[in-house]
Amino acid sequence: MPPLPRAPACGPHRPEKHHEAAQIHPAAPELSEVPGTIRTDLHIDDVHVRAGDLQLPDTDAANHDPTIFSDPDWFDPTRRQATNLAFGHGPRYCIGAPLARLELRAVFTELTARFPNLHLAVPVTGSRSTPPASPAVCSSFRCAGDKATWQTLPSGSAELWRFLPVRWCTHGSYRGYTSCEPNFGSAMSTSSDVGREAAVTTTGLPARQIADLVRRRVVTATDVVSEHLRRVAALNTDLNAFTAVVDDQALAAARAVDDALSAGEEVPPLAGVPFSVKDVIAVSGLPLQAGSPAMAGVRAEQDATAVARLRTAGAICLGKTNTPEFALSTQTWSPTHGYTINPIAPHQRLSPGGSSGGESAAVASGMSAFGMGTDFGGSVRWPAHCTGIASLRPGVGRVPADGQLPGLVPGQHPELDADSAQGQLQVVGPIARTIADVRLLSEVLLGESLGTPDVSGLRVGWCDDEGTMPVDARIRAAVAQAASSLADRVASVVHDRPETLTAADPLFSELRATDQQDGIRALAAPEEFGPVVRQLLASVRPVSREHVERLWGRVRELRDTFLAQMADVLILPVSSVAAPATEAWEVDVEGQTLDGWQIVSACRAVTLLGLPAAVATVGALPDERPIGVQVVARPGREDVALAVAELLENSALNGTEVHS
């Protein structure tokens, strides 16, 4: 991949201001360490936030240290309303507040400075986690089935802020519905308000739960869509995930769902669930720019079949998301919209992966419930790995691939060049926050029920690289730990890299180099494209038809040999590295410098084999960057890939800090 100049982010969705740190206004009133209810105003950057009604223990403060349960995903910047904090034990043990993560840090820095005995319970392992081990805490919280190690850290601890986003952990009053943003309404004025019934919020919920809540009329589709649109409005300036948002169309579709339910009609399985679409996939009436200045003003005339299936299932499109020009990079930077930022740690300006990085950022941040991306060399797998979510690359030919740019005929429904490597290997695939959601979406896209197959008889192989590129030792360790967690769930787990896997990525590169880029050339003159595409077009060299056919013959032979060597499932890394910085076009790995294509060699190898591959998050580095693994299954067995991926996602290793 050719390196780009360190260009500043551009386009209307990128802010000039970067939040390096949140600051408490020096005039913030003092907090008093006394039992009962107190109020204070905290001024954080340019956002005025009230820390309302800090609920302290009713018992003697000298005998019971106040403790805070903290979930950064609960601090929602979309509602600039009164902050709700509850200090204490038992049923009062919760926090729900409309603060961004950096603001959360500033608030607790201030609080811990003023409350010397304050302890903060944080998940030291686990991006989706159970509550702390304290019985008083566990008695008042529920969790969505995930496990992690918690630790209570005293104020001033050097480890205080080394915690991951906690998703889907909820206060018991939610009656089992999980949410990353418990909303207790306006600021609590009395301690008796702490345990009252909370309004259900949906940004951050799994798509299947949103659909269930809408179907049973616990929430309206209009409220769901409105809430997601507010989140887009609040977060997109910083993350730059969406390039186009269709508020009116989305709300109209939501009202239609509500009207159908009010009339007693049955609704389809995804009714009311908001989603987003990578801007190389056609959505009728929406921009189809593919991050290219050459495509300015172009709109799709009809939906891609994959999008049409989702809409028929009731899902509601919110808009299009950023992509590198024509999806030709592992970094999500486009000359029309600039860089997209990973929401895992926005202040670090990490990459969300690419080329479906707009989708991964939108889904991981709760701006959309799920996304639709494309995958040629890893473009739904690498972004899921970077942002700690889930995805599936379906097997080649399993999901209709029409409606993708670069298409061959300007002004008409785009079709990939069937004679190119990209046209034969690129697929459309879902990105979501859970494997269960990916399964549901895959059933819609594939047009068949997948179910959950019995995995007890499976032979699972694993390897910690694909054989040609170095891999960060910590990622190798995460793959090994993930594979070992399956030992008592499947028939066998064997460390075994099929011999032919090593040949796959080099052959992918040879085949990719034969593409003449006719689809791009048909759209505009070379000078109308951005720097990456111009450089690509300049590098194209003529090749004979015979040469291309010989390469495809080698591909078929390699696939046959690989399947003969492969177990039922193969687990391997997604990438050589965790999420890099947005402008890191080359990365040092174990003493070797790799470019953007080389770091995803394991993805490219699997692409060439044409097999289904799910990605599950199985760990994280100490600096919070997630680690995903690929779960590769045999042809047509997306169900097996997803079943094993779900085991990994739900295992105790999910979120574990992995060290070399």
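Residues numbered from 1 in each chain as written. Predicted model: local features only at pLDDT ≥ 70, side-chain atom pairs only at ≥ 80, totals over all residues. Heavy atoms only, no water.

K.L.:
In this structure, what is going on with the overall build of the chain? I would like to understand it.
P.N.:
Within the chain, the secondary structure is distributed over 17 helices and 24 strands. Counting every position in the chain, which comprises 660 residues, the buried fraction comes to 62%. Long-range pairs, those at least 24 residues apart, make up 74% of the contacts in the chain between residues at least 6 apart in sequence. For the chain, the computed accessible surface area is about 22800 Å², with 50% contributed by carbon and sulfur atoms. (Helix = DSSP H or I, 4+ residues; strand = E, 2+ residues; numbered from the N terminus. Buried < 20%, exposed > 50% of the residue type's maximum accessible area, 1.4 Å probe, protein only. Contact = heavy atoms within 4.5 Å. Areas by Shrake-Rupley, 256 points an atom, 1.4 Å probe, with all protein chains shown as cover.)

K.L.:
So what exactly am I meant to see when it comes to helix H16 (residues 601–609) here?
P.N.:
Side chains of residues three or four places apart in an α-helix project in the same direction, reflecting 3.6 residues per turn. Most of H16 sits inside the fold, with 9 of its 9 residues counted as buried. Two residues or fewer past H16, Gly610 is found with a positive phi of approximately 75°.

K.L.:
Can you walk me through the sheet that holds strand E12 (residues 316–321) in this structure?
P.N.:
What links the strands of a sheet is backbone hydrogen bonding, and the strands pair in either a parallel or an antiparallel sense. If you trace the 11 strands from one edge of the open sheet to the other, you get E10-E12-E11-E15-E17-E16-E23-E24-E20-E18-E19, paired in mixed fashion. In this open sheet, the two edge strands, each paired with only one partner strand, are strand E10 (242–245) and strand E19 (492–495). Here the average twist between neighbouring strands, direction ignored, is 25°. As judged from the 3 bridges shared by strand E18 (residues 459–462) and strand E20 (residues 569–573), these two strands associate in the parallel manner. Note on E20: the bridge partner recorded for Trp462 is Ile571. (Pairing = 2+ DSSP bridges. Axes fitted to C-alpha atoms, helices over the stretch in contact; angles between N-to-C directions.)

K.L.:
Teacher, can you tell me more about the nonpolar core here?
P.N.:
Most often, soluble globular proteins have nonpolar side chains that are buried together. One finds Leu270, Leu310, Phe326, Phe370, Phe529, Ile571 and Leu648 to be the most contacted residues of the largest nonpolar core, which totals 112 residues. Of all the elements, helix H17 (residues 638–650) adds the most residues to this core, at 8 residues. Ala421, Leu507, Leu551 and Trp552 belong to the second largest nonpolar core, which has 26 residues in total. (Core = buried A, V, L, I, M, F, W, Y, C linked by side-chain atoms within 4.5 Å.)

K.L.:
Explain the environment of Arg299 to me, please; I cannot follow it from the model alone.
P.N.:
Here Arg299 lies in the loop between strand E11 (274–278) and helix H6 (305–312). In this structure Arg299 comes out as exposed when scored by relative accessible area, which is 52%. Arg299 sits 14 residues away from Gly285 along the chain, and the two C-alpha atoms are 5.7 Å apart. Setting aside residues up to four positions removed in sequence, Arg299 forms contacts with Gly285, Leu286, Pro287 and Leu288. Among the polar contacts made by the side chain of Arg299, one reaches the main-chain carbonyl oxygen of Gly285 at a distance of 2.8 Å. (Polar contact = N/O pair within 3.5 Å; in protein donor to acceptor, adjacent residues only side chain to side chain.)

K.L.:
Sorry, what's going on with the pattern of salt bridges here?
P.N.:
Close approach of charged atoms lets side chains of opposite charge pair. Across all of its chains, the model carries 19 salt bridges by this definition. Its salt-bridge partner being Asp303, residue Arg311 comes within 3.1 Å of it at the nearest N-O pair. Taking the relative accessible area as the measure of exposure, Asp303 reaches 16% and is therefore buried. For the salt bridge of Asp515 with Arg512, the shortest nitrogen-to-oxygen distance reads 3.2 Å. Judged by relative accessible area, which is 6%, Asp515 ranks as buried. Connected through shared salt-bridge partners, Asp464, Asp465, Arg476 and Arg497 make up one network. (Salt bridge = Lys/Arg side-chain N within 4 Å of Asp/Glu carboxyl O.)

K.L.:
In this structure, what is going on with helix H10 (residues 435–446)? I would like to understand it.
P.N.:
In a regular helix each residue adds 1.5 Å, so 12 residues correspond to 16 Å; H10 covers 16 Å between its end C-alpha atoms and thus fits that length. Within H10, 11 of the 12 residues are buried, which leaves it mostly tucked inside the rest of the structure. All of the buried residues in H10 are Ile435, Ala436, Asp437, Val438, Arg439, Leu440, Leu441, Ser442, Val444, Leu445 and Leu446. (Expected span 1.5 Å × (residues − 1).)

K.L.:
What is the right way to read the state of the cysteines from this model?
P.N.:
Considering all chains together, one arrives at 0 disulfides under this definition. Note on Cys386: no disulfide assigned, nearest cysteine sulfur contributed by Cys603 at a separation of 9.7 Å. (Disulfide = S-S within 2.5 Å.)

K.L.:
Could you clarify how one ought to interpret the environment of Phe529 in this entry?
P.N.:
Residue position: Phe529 is located in the loop between helix H13 (518–521) and helix H14 (531–539). Residues Phe529 and Glu325, 204 residues apart in the sequence, show an inter-C-alpha distance of 8.3 Å. Discounting residues that sit within four places of it in the chain, Phe529 has contacts with Ser292, Pro293, Ala294, Glu325, Phe326, Ile520, Leu523, Ala524, Arg534 and Leu537.

K.L.:
For this particular structure, what's the right way to read unusual backbone geometry?
P.N.:
Apart from glycine, the bulk of residues carry a negative phi angle, and the bulk of peptide bonds sit in the trans form. Residue Gly354 is joined to Ser355 through a cis peptide bond whose omega torsion reads 5°. Here Ser355 is to be found in the loop between strand E14 (338–339) and helix H7 (357–364). Look at the link from Leu405 to Pro406: it is a cis peptide, with omega at 0°. Counting through the fold element by element, Pro406 comes out in the loop between strand E16 (390–393) and helix H9 (421–425). One non-glycine residue, Arg217, lies in the positive phi region at around 60°. Following the sequence through the fold, Arg217 ends up in the loop between helix H3 (207–215) and helix H4 (221–239). Of the residues examined, Arg217 reaches a relative accessible area of 53% and is grouped as exposed. At Glu590, a position not held by glycine, the phi torsion is positive, near 50°. Secondary-structure assignment places Glu590 in the loop between strand E21 (586–589) and strand E22 (592–595).

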